[in-house]
Structures are given as structure tokens and as C-alpha cells.
Amino acid sequence: MIRKYQKIVRRAEDMGVNTIGELGQRVGMGKNLIGARLGGRSAWRADEIVKICKELQIPREEVGNYFFSEIP
């Protein structure tokens, strides 16, 4: 898993989500798809980011820290 999305994984764990597959199920994404997104093998879609943020209660002002941290 690529480090830039490690914050999402940690946040999910803190919220009681035990696996990536469970997170995917909660937001309507298959295990392989969410794994590809978190692994950096495929780009996030805006609607997926919104669903992840809602599920993990990520405040709007912190979205960039989770998904776009490489942008200065």
C-alpha cells in the first residue's frame, strides 16, 4: 500500500473498520477496487472521495490531507 493513503487506512481503523474490504462494502466499492485506489494503481473518483469522507467522518477542511497530500 502506498504511503500517501496510509492516513485513510489509519482513520478507518480508528473508526472501527477492521479491513479494507469492510470499508469498501460500507461505501459500495468492491474489495479489489478500493484496494486499487488505496494502492495508487487507479485514480479516485470524486463520488468515491465523498463516500469515504462521509463514512470516516473526515471534515471538509481535512479532505486534502487524506487524498491530495502531494499537492503543495
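Residues numbered from 1 in each chain as written. Predicted model: local features only at pLDDT ≥ 70, side-chain atom pairs only at ≥ 80, totals over all residues. Heavy atoms only, no water.

Undergrad: What am I meant to see in the pattern of salt bridges here?
TA: If charged atoms from side chains of opposite charge come close, those side chains can pair. For the structure shown, the criterion picks out 5 salt bridges. The salt bridge involving E48 is made with R37; its shortest N-O contact spans 2.8 Å. Note that E48 is positioned in helix α4 (residues 46-55) and R37 in helix α3 (residues 31-38), a separation of 11 residues in sequence. Classification of E48 by relative accessible area gives buried; the value is 3%. Judged by its relative accessible area of 7%, R37 falls in the buried class. In this structure, a network of salt bridges that share partners links the residues R37, R45, D47 and E48. (Salt bridge = Lys/Arg side-chain N within 4 Å of Asp/Glu carboxyl O. Helix = DSSP H or I, 4+ residues; strand = E, 2+ residues; numbered from the N terminus. Buried < 20%, exposed > 50% of the residue type's maximum accessible area, 1.4 Å probe, protein only.)

Undergrad: Before we go on, may I ask you to explain the side chain of R11 in this structure?
TA: Considering the arrangement of structural elements, one finds R11 in helix α1 (residues 6-14). Setting aside residues up to four positions removed in sequence, R11 forms contacts with L56, Q57, I58, P59, E62 and Y66. (Contact = heavy atoms within 4.5 Å.)

Undergrad: Can you walk me through the packing of aromatic side chains in this structure?
TA: The description of two aromatic rings rests on the distance between their centres and on the angle between their planes. Taken as a whole and assessed by the stated rule, the structure comprises 3 aromatic pairs. Ring geometry for Y5 and W44: centres 5.9 Å apart, planes at 70°, overall edge-to-face. Taken as a pair, Y5 in the segment before α1 and W44 in the loop between α3 and α4 lie far apart in primary sequence, 39 residues in all. For the pair shown, Y5 and W44 are each scored as buried. Taking the centre distance of 6.4 Å and the plane angle of 50° together, the rings of F67 and F68 count as tilted. (Phe/Tyr/Trp six-rings, centres within 6.5 Å; stacked < 30°, edge-to-face > 60°.)

Undergrad: Where do I start with α4 in this structure?
TA: Residue pairs three or four apart in sequence face the same way in an α-helix, which turns once every 3.6 residues. Taken as a whole, α4 has its buried residues at E48, I49, I52 and C53. All buried residues of α4 project into a common sector of 135° when viewed along the axis, lining one side. Turned more than 90 degrees from where α4 packs its buried face, A46 and K54 sit exposed. Packing partners of the buried residues in α4 comprise α1, α2 (20-27), α3 and α5 (63-67). (Arc of directions from axis to C-beta.)

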